[in-house]
There are 2 protein chains.
Amino acid sequence: MAPDSSDIGIGLLGLGTVGSGVAGALSANGAEIARVAGAPLTIRRALVRDKNRKRAVELGHSLLTLNPADVVEDDTIDIVVELLGGEEPAHSLIQAALKQGKHVVTGNKEVIAKYGPSLMTLARANGVGLRFEAAVGGGIPIIAPLRRDLAGNQVIAISAIINGTTNYILTRMAQEGASFEEALAEAQSLGYAEADPTSDVEGIDAAYKLAIMASLGFKTRVEHAAVYREGIASLEARDFQYADELGYAIKLIARADRVPEGILARVVPTLVPYTDPLANVDGVINAVQVEGDLVGRVTFQGPGAGAGPTASAVLGDVIHLARVVTSGTTELPLPVPDGDIPVLPLDHLQTRYYVRVTVDDRPGVLAQIASNLGQHDVSIASVTQKETFDDDQTAELVITTHSARESAIQQALAQITALPAVSKLGALLRIEG
Amino acid sequence: MAPDSSDIGIGLLGLGTVGSGVAGALSANGAEIARVAGAPLTIRRALVRDKNRKRAVELGHSLLTLNPADVVEDDTIDIVVELLGGEEPAHSLIQAALKQGKHVVTGNKEVIAKYGPSLMTLARANGVGLRFEAAVGGGIPIIAPLRRDLAGNQVIAISAIINGTTNYILTRMAQEGASFEEALAEAQSLGYAEADPTSDVEGIDAAYKLAIMASLGFKTRVEHAAVYREGIASLEARDFQYADELGYAIKLIARADRVPEGILARVVPTLVPYTDPLANVDGVINAVQVEGDLVGRVTFQGPGAGAGPTASAVLGDVIHLARVVTSGTTELPLPVPDGDIPVLPLDHLQTRYYVRVTVDDRPGVLAQIASNLGQHDVSIASVTQKETFDDDQTAELVITTHSARESAIQQALAQITALPAVSKLGALLRIEG
């Protein structure tokens, strides 16, 4: 990685959609990128699974290899770009590249969420850079702003729509009254959702991304497994209608708050008031709100996925590291988020709630529910009887509460659903923003 | 600036609202900032105009000085923070500090717009950093994202609401039907507008900021004087009402587009469709939209002014440079935007238009206007007769056009306003987004 090397060697681990996007952009914007980076960026090798597969961008056949060592051990490669996704072999290959003294750029949210601090430490020990802007929010600059531009702030909260697949599904459910199943099928037909949508619809993907942002924002270790998750599969079309009547959109919000006792982190379907910018983020667009003690609230919004946006984030990191090489400086070591602020169970959450219950359609039932909530210090903000079902003499109540403790609402609902007059808890959603 | 220095010396040029905000944050978040920066940040000297003035944050009286040399020539100061504003003495003092081998952080949009490239070159020559995140968009990270995170893109357009004072005024005019004078007075009483509001309402402040963003985004030199400007003082309350009926907000949009022949840059009151995120940016909030060939459209939104947000931006830069010092590395030299892509006259603009004219209230007038527009290849999208004034037998027409060339609409309107039946051109506004 001599500063005087005439060009910068790039090694690609993976040449799928994003890898092809990166290769394509490097050739399309090559001259300008060379000017900004201080030298031309040249792809030296690319790890693939099948050399003969047709690709959007054709690299010379001789550049393709099935052997990872051809990339991570090539002395002419300065920067390794990992775009394999998934935990292994990505994690091991990133480790190997760093140990070889190569800068690494990755868009791998799972690896960074699970091994970020140890990999950052490894990068520092080897005097190289590890950058992962593409791991969260696709093309939206959010990692660097959290680590650098907002570093003077005590971050109070991070609230985000950070999974395009679920936001697309929720948008269709809201706009068309579609069922979850219908909207999911539509998303799959458009390529927005995978055949197995579990990671998206269960909030696993969003939890990885929130863990990364919360770790950097709060400068501590937030394990993805400590992020409380609820998926969107149980949402019903009429919850969107009822929420709308109350002035709210329903979004899968990934949110982390710094509270006195520690950190509250969750990915849950949430009622967001239409006055909140996040309520108007529709389709596959992502948005991240960061609240800091100095800056107040800043919002970053843009395309959260796709070859172009992800390539934009990857190339931003690659160009930065290329500058490090061409200028003969070293990557500025950033603090490793290795603090130990506790991540709290959701019981500590204090917020407002939306409750939909099916009850016997007769006098006195609401009084029972209200008194039960009252016994748990949960005060009701509004109650609406939505539908009555004549066949079984039941009615549907939608209740919103004032701010209450999660543990209190859970205990109250446990007792309420045990009441003879209450046949079903249709939905319990949090209201935030 | 020895890497082993036990703490980092900060020198403040100016201790007004923002300077006090920076000093306050350094003491409030000091421990955490020291951890992130790698060493404590200590204010060594602060240039003030009056040592005895009461300030929000009290520094030791011995730290205050009336002599700039005490700051820019103090060997114990590593980073000089310029918050004087205005061209001089700010520009000279930044030069002096850089020549002394000190890193410089400034929020001075006028100095950066006028002298950015020469100061960046001077900083590089002296092996130090010059950072100015606070010069545009207050606490919103936008300078660093443009220079680094989005560097892989060919930037196509930058569109922004970048002056909080005028956005507050326009928001009140839209929401309350207030006149410009009423809304300005309200903004002044709230401290959002200065006694002399010229720089804000005439778009001068926004032109400085747009010139900075366009220079960095297009990697060329965009002179602030080459930015076409129209102020908001001539807007009338009913333009907001008419625009609203057509589905548009009126915002002071600072916009630069990369077109084949060069760059179009202007700060003009603009009709923005409600479907565009910028249309919903109200009050003193700022927002910047960047459109790139890879990323598509990303939006950055947040508080564009005030002590806290500006201090957030300043401290982000200060902490970054402190890391450079503590790690013994050097600031990564970024490309100087010294290209020479021509900035074109507005005649080259191709967009849609909103025209309000007062005409004689009799048959045939619209036909005259329509044929005149047609002769200049300007096709009408909609015409509405808004009001008739019985006293002088006149009526008000609001016309929107399909996309047309600025030069064509200007020529057409010159002839139209010369028609005997046309008494007044009430408004000519561009429609974009």
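Residues numbered from 1 in each chain as written. Chains lettered and ligands numbered in written order. Predicted model: local features only at pLDDT ≥ 70, side-chain atom pairs only at ≥ 80, totals over all residues. Heavy atoms only, no water.

Caption draft 1: Region of the structure containing the overall build of chain A. Broken down by element type, chain A carries 14 helices and 17 strands. Here chain A has a C-alpha radius of gyration of 24 Å; the compact-globule value for 433 residues is 22 Å, and the two agree. Taken along its principal axes, the extent of the C-alpha atoms in chain A is 85 × 45 × 35 Å. Per-residue burial for chain A yields a buried fraction of 59% across its 433 residues. The long-range share in chain A, meaning contacts at least 24 apart out of those at least 6 apart in sequence, stands at 73%. Here chain A has roughly 15,600 Å² of accessible surface; of this, 50% comes from carbon and sulfur atoms. Distance between charge centroids for chain A: 6 Å, based on 35 positive and 52 negative side chains. (Helix = DSSP H or I, 4+ residues; strand = E, 2+ residues; numbered from the N terminus. Rg over C-alpha atoms; globule rule 2.2 N^0.38 Å. Buried < 20%, exposed > 50% of the residue type's maximum accessible area, 1.4 Å probe, protein only. Contact = heavy atoms within 4.5 Å. Areas by Shrake-Rupley, 256 points an atom, 1.4 Å probe, with all protein chains shown as cover. Lys, Arg positive; Asp, Glu negative; His and termini not counted. Charge placed at Lys NZ, Arg CZ, Asp CG, Glu CD.)

Caption draft 2: Spotlight on the domain arrangement of chain A. Residue and element names in this part refer to chain A. Per the domain assignment, the segments making up chain A are domain 1 (8-138 + 307-327), domain 2 (143-302) and domain 3 (349-431). Between domain 2 and domain 3, the C-alpha centre-to-centre distance is 25 Å. With 17 residues of domain 2 at the interface, the matching set in domain 3 holds 16 residues. The tally of links from domain 2 across to domain 3 stands at five salt bridges. A salt bridge links Glu-230 to Arg-430; its shortest N-O distance comes to 3.2 Å. Counting the contacts that link domain 2 with domain 3 gives eight residue pairs in polar contact (both at pLDDT 80 or more). Elements with a minimum of two residues in the side of domain 2 that touches domain 3: helix 11 (237-246), strand 9 (248-259) and strand 10 (262-273). Among the elements that make up the side of domain 2 that touches domain 3, the one with the highest residue count is strand 10 (six residues). (Domains from an automatic or database assignment. Salt bridge = Lys/Arg side-chain N within 4 Å of Asp/Glu carboxyl O. Polar contact = N/O pair within 3.5 Å; in protein donor to acceptor, adjacent residues only side chain to side chain.)

Caption draft 3: Region of the structure containing the relation of the copies chain B and chain A. Between chain B and chain A, which share one sequence, the superposing operator has a rotation angle of 180° and an axial displacement of 0.0 Å; the RMSD is 0.0 Å. Those values place the two copies in the arrangement expected of a two-fold rotation axis. In terms of proximity to the rotation axis, the leading residue of chain B is Phe-300 of chain B, whose C-alpha is 2.4 Å off the axis. A symmetric contact is evident, with 100% of the interface residues of chain B recurring at the interface of chain A. (Least-squares fit on C-alpha atoms with pLDDT ≥ 70 in both.)

Caption draft 4: Molecular detail of the interface of chain B and chain A. On the chain A side, the residues contacting the 48 residues of chain B number 48 residues. In this assembly, chain B packs against chain A so that about 4,100 Å² is buried in total across both faces, 57% of it on carbon and sulfur atoms. Linking chain B with chain A are two salt bridges. Its salt-bridge partner being Glu-32 of chain A, residue Lys-219 of chain B comes within 3.5 Å of it at the nearest N-O pair. Counting the contacts that link chain B with chain A gives 15 residue pairs in polar contact (both at pLDDT 80 or more). When residues of the side of chain B that touches chain A are traced back to their parent elements, those giving at least two are helix 2 (30-37), helix 6 (143-149), strand 12 (296-303) and helix 12 (307-327) of chain B. It is helix 12 of chain B that provides the largest number of residues to the side of chain B that touches chain A, a total of 10 residues. Each residue belonging to the side of chain B that touches chain A can be placed in one class, and the counts come to 22 nonpolar, 15 polar and 11 charged. (Buried area = accessible area lost by both parts, 1.4 Å probe. Nonpolar A, V, L, I, M, F, W, Y, C, P; charged D, E, K, R; others polar.)

Caption draft 5: Region of the structure containing the pattern of salt bridges. Across all of its chains, the model carries 60 salt bridges over all chains by this definition. Across the salt bridge formed by Arg-362 of chain B and Asp-360 of chain B, the nearest N and O atoms sit 3.7 Å from each other. Classification of Asp-360 of chain B by relative accessible area gives partly exposed; the value is 23%. Connected through salt bridges with shared partners, the residues Glu-236, Arg-238, Asp-239, Arg-356 and Glu-396 of chain A form a single ionic network.

Caption draft 6: Spatial organisation of the packing of helix 5 (residues 109-125) of chain A against helix 10 (residues 204-218) of chain A. Residue and element names in this part refer to chain A. Relative orientation of the contacting elements helix 5 and helix 10 amounts to 30°, with a least axis distance of 7 Å. One finds that helix 5 runs roughly parallel with respect to helix 10. Along its contact with helix 5, which presents Lys-109, Glu-110, Ile-112, Ala-113, Lys-114 and Met-120, the element helix 10 presents Asp-205, Tyr-208, Lys-209, Ile-212 and Leu-216. Residue classes in the contact of helix 5 with helix 10 are distributed as six nonpolar, no polar and five charged. (Axes fitted to C-alpha atoms, helices over the stretch in contact; angles between N-to-C directions. Parallel < 35°, antiparallel > 145°, perpendicular 65-115°, else oblique.)

Caption draft 7: Quick peek at the sheet that holds strand 2 (residues 41-47) of chain B. All names here are of chain B. Reading across the sheet, the six strands line up as 3-2-1-4-5-6 and stay open at both edges, with parallel pairing between neighbours. In this open sheet, the two edge strands, each paired with only one partner strand, are strand 3 (64-65) and strand 6 (130-131). Here strand 1 (residues 8-13) pairs with strand 4 (residues 79-82) via four bridges, running parallel. Within strand 4, the residue paired with Leu-12 across the bridge is Val-81. Most of the contacts of helix 4 (residues 90-99) go to strand 5 (residues 103-106), to which it runs at about 155°, and overall it touches strand 1, strand 2, strand 4, strand 5 and strand 6. (Pairing = 2+ DSSP bridges.)

Caption draft 8: Up close: helix 8 (residues 180-189) of chain B. Residue and element names in this part refer to chain B. Buried within helix 8 are the following residues: Phe-180, Ala-183, Leu-184 and Ala-187. Buried residues in helix 8, looked at end-on, bunch into an arc of 100°, giving them a common side. When the buried face of helix 8 is taken as reference, the exposed residues oriented beyond 90 degrees from it are Glu-181 and Ser-189. Packing partners of the buried residues in helix 8 comprise helix 7 (164-176) and helix 9 (198-201). (Arc of directions from axis to C-beta.)

Caption draft 9: Broad picture of a nonpolar patch on the surface. Judged by side-chain polarity, Leu-190, Tyr-192 and Val-284 of chain A come together as a nonpolar surface patch covering roughly 250 Å² of accessible area. We classify Val-284 of chain A as partly exposed; its relative accessible area is 32%. (Patch = residues over 30% accessible without salt bridge, like charges linked within 9 Å, V, L, I, M, F, W, Y side chains within 5 Å.)

Caption draft 10: Here's a closer look at the sheet that holds strand 4 (residues 79-82) of chain A. The strand order 3-2-1-4-5-6 (chain A) describes an open sheet built from six strands, whose pairing is parallel. Both outer strands of the open sheet, strand 3 (64-65) and strand 6 (130-131) of chain A, are each paired with one neighbouring strand and no more.

Caption draft 11: How the structure looks around the nonpolar core. Judged by nonpolar contacts, the single largest core of 162 residues is most densely connected at Met-213 of chain A together with Met-213 of chain B. In this view, Met-213 of chain B contacts Val-136, Ile-142, Leu-146, Ile-158, Ala-160, Ile-162 and Val-288 of chain B; residues no more than four positions away in its chain are not counted. Among the nonpolar cores identified, the runner-up in size contains 35 residues, and Val-48, Val-81, Ala-134 and Val-314 of chain A belong to it. (Core = buried A, V, L, I, M, F, W, Y, C linked by side-chain atoms within 4.5 Å.)

Caption draft 12: Expanded view of helix 5 of chain A. Residue and element names in this part refer to chain A. The largest bend in helix 5 is about 80°, located at Tyr-115, with the proline Pro-117 one to four residues further on. Residues of helix 5 that are buried sit in contact with helix 4 (90-99), strand 5 (103-106), strand 6, helix 6 (143-149) and helix 10. The distance from a side-chain oxygen at the start of helix 5 to the backbone nitrogen of Glu-110 is 3.2 Å, and the residue carrying that oxygen is Asn-108. Remark: Gly-127 follows helix 5 within two positions and exhibits a positive phi of approximately 65°. (Bend = angle between axes of the 7 residues up to and from the residue.)

Caption draft 13: Main features of the pairing of strand 14 (residues 380-389) of chain A. Residue and element names in this part refer to chain A. Two elements, strand 14 and strand 15 (residues 394-401), share eight bridges in a ladder whose sense is antiparallel. Opposite Val-383, over in strand 15, you have Ile-399 as the bridge partner. Connecting strand 14 to the next strand, strand 15, in antiparallel fashion are four residues, including Gln-393 with a positive phi near 55°.

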